[in-house]
Amino acid sequence: MSIEKKEFKPLIVAFCCNWCSYAGADLAGTSRLAYPAEIKIIRVPCSCRVNPMFVLRAFQRGADGVIIAGCHPGDCHYTSGNYFARRRMTMLFSMLDFFGIERERTRVDWVSAAEGVKFSTVMNDFSKKIHELGENRRLGDLRCKQTIDR
Amino acid sequence: MQTNNRPVKEIAQEIFAENQAERILGWKRGEFFYDNSPAVFSAADELQEFVYDAFCGSNLSKFLVKEAAKEGRIAVLLKPCDRYSFNQLVKEHRIDKENVLPIEIDCDGMVDIDKVRALGIKGIKSISADGDQLTIETVYGQKNCSKEDVLLLKCQTCKDRTGGDRFALVREIEEMSSVERYEFWRSELSKCIRCNACRNVCPACTCEKCVFDNDKSGIANKANSDSFEESLYHMIRAFHVAGRCTDCGECSRVCPQGIPLHLINRKVIKDLNEFYGEYQAGADDSSVGPLTSYELDDVEPDIVMNRGGGR
Amino acid sequence: MQRIGVFVCWCGTNIAATVDIDTVVEAMKREPGVVHSSDYQYMCSEAGQSRIRNAIKEHNLTGIVVCACSPRMHETTFRKAAKAAGLNEFMVEIANIREHCAWIHKDRTEATEKAVVLARTAVAKLNLNKPLTPGTSDVVKRALVIGGGIAGIQSALDIAEAGYQVDIVEKEPTIGGKMAQLDKTFPTLDCAACILTPKMVEAAQHDNINLITYSEVDSVSGFVGNFTVKIRKKARSVKADICSGCGICTEKCPSKKAKSEFNMGLNNRSAIYIPFAQAIPNVPVIDRDQCIKFKTGKCGLCAKVCPADAIDFSQQDEIIEQKYGAVVLATGFKPIKLDNFDEYSYAASQDVITSLELERIMNAAGPTGGKLLRPSDKKHPHTMVFVQCVGSRDTTGCGKTYCSKICCMYTAKHAMLIREKYPDIDVHVFYIDVRTPGKNFDEFYRRAAEDYGVNYIKGMVGKVAPTNGKLMVQGSDLIADRQVIIEADMVVLATAIEPDQTAKSLATMLTASIDTNNFFTEAHPKLRPVESPTAGVFLSGVCQGPKDIPETVAQASAAAVKVVGLLSKDKLVSNPCVAGSNELLCNGCSNCQHVCPYGAIDYVEKEFRINGKIKIRRVAQVNEAVCQGCGACTVVCPSGAMDLKGFTNQQIMAEVDAICR
């Protein structure tokens, strides 16, 4: 499938924890609460499963934004996973910012299984930000993007 | 240089004389007077080559991962900054503490030969330190300079010696605009030749198999076109050692391209201190690091968004 | 190389209306590893599943991707179908093209493109899947109930009746809990002791129940089906096995200045004491802080008078270690401290009391023998004011934000009982709302207000001021829209309740989660209300949230059924998506151990043959029965030795790549 890339169509990777945020996304779906199709969800057991390497990988492969969604602090299915994720991602985001990568390209939000509305709002809001920022030129690996496209 | 008013070499000799250890990990003179390198001495007569002067910047701790696993107790000479690395490695069970005799030695700063040369001093034959002054013997006669001006980058803001603000440069970069920061690192990191020297010297990088050498890790592939892609290597490295980096500064010291790599680690340390409280990796050999612990009321990641600093 | 089959579901028109099914089916045929791609109207139906089963056999598939609804909906269905066709059930991946795609996107092109991406992402992951086999572990057929109140007693009785051994650990010297302190119970007004004490006796005499009183849980290790619990049996200083419970020691004890905990400090007890007459076990305990023998070394009168020679001053705390298959938390509640509520003058006046104190005063076995007397001067009161919601539904930060749930009803009970016994006493109740959602509850409240003439005033009390032996109660009457001042003889505060302080440390020991108010969190607020998110840990009574006795008993029995269901199994099948360490890569650094919430990681010294030499290395080992598969360890592992089955680093990165290409 070839897509004419005239207008900016961002690519956003969302890591969602299985217990809260993935279910929150399901609820957004059952409630027919729209958010842009450019957001693609990867299911992980817990936000603490998200290795900062995955975030970097996504950027390297051309993602324009990466968002990690997990259970609210205190509600982690595994009791402490999101607390670790919170520290790791804070550090990662700060480091990306230090390297001059636009800090709005990364985000962590806590979305419970009951917050379909919040899921959709957060995703819409994040996508809007990425649209404003435009393509992620600073960290994308151009080579990978061109050769694998088919 | 001396420790407790005794030349360090004497201390080394005493170790053999009193049978305190079977081997000593120290420094020996290299091809030139300024390229002293780590060495293991196994007998008193080998100590002829032993040296401890202003060119012993290298951190010996990492060598213990291999050396301490060998037969026979080994003594190691630890400058104050190396002690942190030693503790951190003991904490991570990388060094068999029982087989090591750690000897703490004093240090009043190590000299960067390139900085001496940069002063326009040529034909250097030898350098000796006399307090704050360096006496430089050259083929053109004796020269002098202030030691402070030619210290290794890591020694300039040594936390044990001067107490200078080691985060000053980090702060400068933080205050740049986002684009300026990007350009700064782009220009610095584009110099990277991916020689892996920073990783190889790093006392926090002692993995059985480094992820960058492991095809299965998914991050082993070397950069290909855009040189800034190298930054991922340095980002990943900084993240791997986050909370474990003792700020020994070896990465910058060995970088053949002169990239100030330690600034990345210092940025991490500065953030960890600000977000989760002061923490010095290797201050002890048992505490749990900031990225393997948490508090219920930790800052949210959007602090990065809401904090000051250039946009 | 995998042989993958892709099955795209229409879900009637749910998916097909916005996603062009053919495009997805065709696009998947071009994906690496895919040898079969087809669609069907309802993949989850028996006909759909049979298509999957047939295709697996026909095309000799090694794995399948089902593009359908959320995996939370039908992942299990499709795994079963795959298993029925001889495939490993973990060789199934779901692309969620309904909730995450068809239902939220209106534009058909956009939705179809996204469905293709989601499908190829699932294919990319599946290409790296490996068959996984769930592990099994044994179940210890014994349950531990922590807390010996009505919740714990009921859970224990039900588990014991089903034929399993139960231990009740109670931190007080007797079982019975808060219910034992109550006088009458709403809405039937039967006496608490009359219905509780027989249950206490039943628990004590049950062959399958073992009471461990005056004891606390010290540590917990292990996992569902196989917990190892250390219980600290505090030194009673009395040999429980030979004490006859005659009570002579408590009578003769010269130290009688300790406040009686059971009577809410309204009277004193001796240093050696039995909390109340019907205590079980009926064995006294020496309060070492009060005992003259322990304080000065002299006395020992109790030992002299004991006919059974049961006093043992040298007794030490004892640690009992026991294995359990399941744990029931029934740690109950306590009234909050009123330090933040100076306006009610609780500390300033003896005549301002809490509702639980009133229970003791009204109880025939209480400090006043059941006579309603003012604590300050032991005189008969003529006007009483009840204040509702003291610390409950509090948004000022001084109290609790939640409704304590039981106060409306017990206040109605108190008011009614007082009016019945002493018709001369005027009773006023200040309330925010009267909440009576329970069987016969509203009738009960109306009886208090209408038949017994209790004066209910909608409004809050601003201040209680002790003045000349009276209590000036200033409040507002919101209905009459005026300030009221009542000159009262006694004020009773319906104090909010909070979880017992032991809940927090137990939560840590059991890795059972608690909410911001320290109530234990249930696995699902609606569908799994008596289970903790931690497998094998169950919730009984107020430790999970405020509730009255009937609700507590109902939940206690529900928790017991869950325990019985667990203990009736011989083997437990565990989730195979657990962490595992590649020992050749492991540095032995302990980072993973620090972040594991379940203590599932141990380190061992192991011999390795490296380049012909034997080397001993410290490596991490995951206890697969304990690991719950969160993946926290994988991220802190510097060498990438630790990985999570079913969600490996490579799999997730393949997903990232598939999305970003």
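As the structure is a computational prediction, the values presented were derived from the model and not from experiment. (Residues numbered from 1 in each chain as written. Chains lettered and ligands numbered in written order. Predicted model: local features only at pLDDT ≥ 70, side-chain atom pairs only at ≥ 80, totals over all residues.)

**Q** It is not clear to me how the overall build of chain C should be interpreted in this structure. Could you clarify?
**A** Per the secondary structure count, chain C includes 18 helices and 34 strands. Principal-axis analysis of the C-alpha atoms gives chain C an extent of 90 × 70 × 40 Å. In chain C, which comprises 661 residues, the proportion classed as buried is 52%. The contacts of chain C with a sequence gap of at least 6 include a subset with a gap of at least 24, amounting to 70%. (Helix = DSSP H or I, 4+ residues; strand = E, 2+ residues; numbered from the N terminus. Buried ≥ 20, exposed ≤ 12 C-beta atoms within 10 Å, placed from the backbone. Contact = placed C-beta atoms within 7 Å.)

**Q** What exactly am I supposed to notice about the overall build of chain B here?
**A** When helices and strands are tallied, chain B shows 12 helices and nine strands. Whereas a compact globule of 311 residues would reach a radius of gyration of roughly 19 Å, chain B reaches 21 Å, a difference of no more than 12%. Principal-axis analysis of the C-alpha atoms gives chain B an extent of 60 × 50 × 35 Å. Pairs at least 24 residues apart make up 64% of the contacts formed inside chain B by residues separated by at least 6 positions. (Rg over C-alpha atoms; globule rule 2.2 N^0.38 Å.)

**Q** Is there a simple way to explain the interface of chain C and chain A in this structure?
**A** Listed by partner, the interface residues are 41 residues for chain C and 39 residues for chain A. Every element with two or more residues in the side of chain C that touches chain A is listed here: helix 4 (98–102), helix 5 (108–126), helix 17 (632–636) and helix 18 (649–660) of chain C. Sort the elements by how many residues they give to the side of chain C that touches chain A and helix 18 of chain C lands first, with eight residues. The residue inventory of the side of chain C that touches chain A, partitioned by class, reads 20 nonpolar, 11 polar and 10 charged. (Nonpolar A, V, L, I, M, F, W, Y, C, P; charged D, E, K, R; others polar.)

**Q** Could you clarify how one ought to interpret the interface of chain A and chain B in this entry?
**A** It is common to report an interface's size as the accessible area lost on association of the parts. The interface is formed by 30 residues belonging to chain A together with 32 residues belonging to chain B. Those elements that place two or more of their residues in the side of chain A that touches chain B are helix 2 (52–60), helix 3 (81–98) and helix 5 (142–148) of chain A. The element that contributes the greatest number of residues to the side of chain A that touches chain B is helix 3 of chain A, accounting for 14 residues. Tallied by class, the residues present in the side of chain A that touches chain B amount to 15 nonpolar, five polar and 10 charged.

**Q** Mind showing me how you'd approach the domain arrangement of chain B here?
**A** All names here are of chain B. Domain annotation of chain B identifies domain 1 (8–104), domain 2 (113–150) and domain 3 (154–310). Relative placement of domain 1 and domain 3: their C-alpha centres are 27 Å apart. Of all the elements, helix 3 (residues 80–91) adds the most residues to the side of domain 1 that touches domain 3, at 10 residues. For the side of domain 1 that touches domain 3, a count of residues per class yields six nonpolar, six polar and four charged. (Domains from an automatic or database assignment.)

**Q** Looking at this structure, how should I read helix 4 (residues 116–133) of chain A?
**A** Residue pairs three or four apart in sequence face the same way in an α-helix, which turns once every 3.6 residues. All names here are of chain A. Look at helix 4: 26 Å from first C-alpha to last across 18 residues, which is about the 26 Å you get at 1.5 Å a residue. Inspection of helix 4 places Gly116, Phe119, Ser120, Val122, Met123, Phe126, Ser127 and Ile130 among the buried residues, and these make up the whole buried set. All buried residues of helix 4 project into a common sector of 165° when viewed along the axis, lining one side. In helix 4, the exposed positions angled more than 90 degrees off the buried face are occupied by Lys128 and Glu132. Summarising the contacts, the buried residues of helix 4 are in contact with strand 1 (12–17), helix 1 (21–30), strand 2 (39–44), strand 3 (65–70) and strand 4 (106–110). (Expected span 1.5 Å × (residues − 1). Arc of directions from axis to C-beta.)

**Q** Sorry, what's going on with the confidence of the model for chain C here?
**A** Parts of the prediction with low pLDDT should not have their coordinates interpreted in detail. Per-chain confidence: chain C averages 94 in pLDDT, with 100% of residues scoring 70 or above. Taken over the whole predicted complex, pTM reads 0.73, whereas the ipTM for its chain interfaces reads 0.93. (pLDDT = per-residue confidence, 0-100.)

**Q** I keep staring at the pairing of strand 21 (residues 383–390) of chain C and nothing clicks. Help me out?
**A** Moving residue by residue along a regular strand, the side chains alternate between the two faces of the sheet. Residue and element names in this part refer to chain C. Among the eight residues in strand 21, seven count as buried, and that is most of the element. With five bridges connecting them, strand 21 and strand 22 (residues 426–431) associate as parallel partners. Note on strand 22: the bridge partner recorded for Met384 is Val427. For the segment spanning strand 21, helix 12 (residues 407–421) and strand 22, crossover handedness is right-handed. (Pairing = 2+ DSSP bridges. Right-handed = clockwise from strand over helix to strand, strands pointing away.)

**Q** Looking at this structure, how should I read the domain arrangement of chain C?
**A** Residue and element names in this part refer to chain C. Partitioning chain C into structural domains gives domain 1 (4–126), domain 2 (142–234 + 317–332 + 500–567), domain 3 (248–305), domain 4 (334–498) and domain 5 (579–645). If you tally residues by element for the side of domain 2 that touches domain 3, the top one is helix 7 (residues 192–205), at five residues. A per-class count over the side of domain 2 that touches domain 3 returns nine nonpolar, four polar and one charged.

**Q** Quick question: what am I supposed to make of the sheet that holds strand 4 (residues 37–41) of chain B here?
**A** Residue and element names in this part refer to chain B. Spatially, the four strands line up as an open sheet ordered 4-3-5-6, and their pairing is mixed. With one partner strand each, in any of the chains shown, strand 4 and strand 6 (100–104) form the two edges of the open sheet. Here the strands of the sheet are splayed against their neighbours by 30° on average, with no regard to which way each runs. As paired elements, strand 3 (residues 23–28) and strand 5 (residues 74–78) share three bridges and run parallel to each other. Of the residues in strand 5, the one forming a bridge with Leu25 is Val76. The sheet contacts of helix 1 (residues 8–17) involve strand 3, strand 5 and strand 6, and relative to strand 3 the element is tilted by about 155°. (Axes fitted to C-alpha atoms, helices over the stretch in contact; angles between N-to-C directions.)

**Q** Just to check I follow, could you spell out the nonpolar core for this structure?
**A** A general trend in soluble globular proteins is that nonpolar side chains are found buried together. In this structure, Cys67(C), Ala119(C), Leu329(C) and Val491(C) are the most contacted members of the largest nonpolar core, which totals 356 residues. Those residues in contact with Leu329(C) that sit more than four places away from it in its chain are Ile146(C), Gly147(C), Leu506(C), Ala512(C), Phe520(C), Val537(C), Phe538(C), Leu539(C), Ser540(C) and Cys543(C). (Core = buried A, V, L, I, M, F, W, Y, C linked by C-beta atoms within 7 Å.)

**Q** Mind showing me how you'd approach the packing of helix 1 of chain A against helix 4 of chain A here?
**A** The description of two packed helices rests on the angle between their axes and on the distance between the axes. All names here are of chain A. Relative to each other, helix 1 and helix 4 sit at 90°, their axes nearing to 7 Å. By the angle between their axes, helix 1 is roughly perpendicular relative to helix 4. Contact with helix 1, carried on its side by Ser21, Gly24, Ala25, Leu27 and Ala28, involves Gly116, Lys118, Phe119 and Ser120 of helix 4 and no other residues of that element. Residues belonging to the contact of helix 1 with helix 4 are distributed by class as follows: four nonpolar, four polar and one charged. (Parallel < 35°, antiparallel > 145°, perpendicular 65-115°, else oblique.)

**Q** I keep staring at helix 7 (residues 178–189) of chain B and nothing clicks. Help me out?
**A** Residues and elements named next belong to chain B. Compared with an ideal rise of 1.5 Å per residue, which puts 12 residues at 16 Å, helix 7 spans 16 Å between its outermost C-alpha atoms and is within 8% of the ideal. Listed in full, the buried residues belonging to helix 7 are Arg181, Tyr182, Trp185, Glu188 and Leu189. Buried residues along helix 7 cover an arc of 135° about the axis, so they all sit on one side.

**Q** When you look at the sheet that holds strand 2 of chain A in this model, what are you seeing that I'm missing?
**A** The pairing of strands in a sheet happens through backbone hydrogen bonds and is either parallel or antiparallel. Residues and elements named next belong to chain A. Taken in spatial order, the four strands of this open sheet run 2-1-3-4, and their pairing is parallel. Of all strands in the sheet, those with a lone pairing partner are strand 2 and strand 4, marking the two edges. Geometrically, the sheet is characterised by an average inter-axis angle of 20° between neighbouring strands, direction not taken into account. Bridging between strand 1 and strand 3 involves five bridges; their strand directions are parallel. Bridged to Val13 within strand 3 is Val66.

**Q** Is there a simple way to explain the packing of helix 6 (residues 150–161) of chain C against helix 15 (residues 549–567) of chain C in this structure?
**A** Residues and elements named next belong to chain C. Where helix 6 contacts helix 15, the two axes come as close as 8 Å, and the packing angle between them is 35°. Crossing hand, helix 6 versus helix 15: right-handed. Where helix 6 approaches helix 15, its residues Ile150, Ala151, Gln154, Ser155, Asp158 and Ile159 are matched on the opposing element by Ile549, Thr552, Val553, Ala556, Ser557, Ala559, Ala560, Val563 and Val564. Here the residues of the contact of helix 6 with helix 15 are counted per class, giving 10 nonpolar, four polar and one charged. (Left-handed = near helix turned anticlockwise from the far one by under 90°.)

**Q** Would you mind showing me how to read the pairing of strand 2 of chain A here?
**A** All names here are of chain A. Across the six residues that make up strand 2, a large majority, six, are buried. Side chains Ile39, Ile41 and Arg43 of strand 2 all project onto a buried face; the interleaved residues Lys40, Ile42 and Val44 project onto the opposite face, where all are buried too. For strand 1 and strand 2, the ladder comprises six bridges, and the chain directions are parallel. Residue pairing in the sheet places Ala14 in a bridge with Ile41 of strand 2. Between the parallel pair strand 1 and strand 2, the chain is carried across by helix 1, and the sense of this crossover is right-handed.

**Q** Looking at this model, I keep getting lost on unusual backbone geometry. Mind explaining?
**A** Only a minority of non-glycine residues have a phi that is not negative, and only a minority of peptide bonds are not trans. Omega for the bond connecting Phe186(C) with Pro187(C) falls within 30 degrees of zero, at -10°, which places this linkage in the cis form. Residue placement: Pro187(C) occurs in the loop between strand 8 (184–185) and strand 9 (190–191). The peptide bond linking Ile280(C) to Pro281(C) adopts the cis configuration, its omega dihedral lying at 0°. Relative to the elements of secondary structure, Pro281(C) occurs in the loop between strand 15 (272–273) and strand 16 (285–286). Positive phi, normally seen in glycine, also occurs at Asn196(B), with a value near 70°. Along the chain, Asn196(B) turns up in the loop between helix 7 and helix 8 (197–201). Looking at Asn196(B), the number of C-beta atoms within 10 Å reads 15, which means it is partly exposed. The backbone of Ser590(C) shows a phi angle near 80°, a positive value even though the residue is not glycine. Positionally, Ser590(C) belongs in the loop between strand 31 (579–581) and helix 16 (591–595). A tally of 18 C-beta atoms within 10 Å means that Ser590(C) is categorised as partly exposed.

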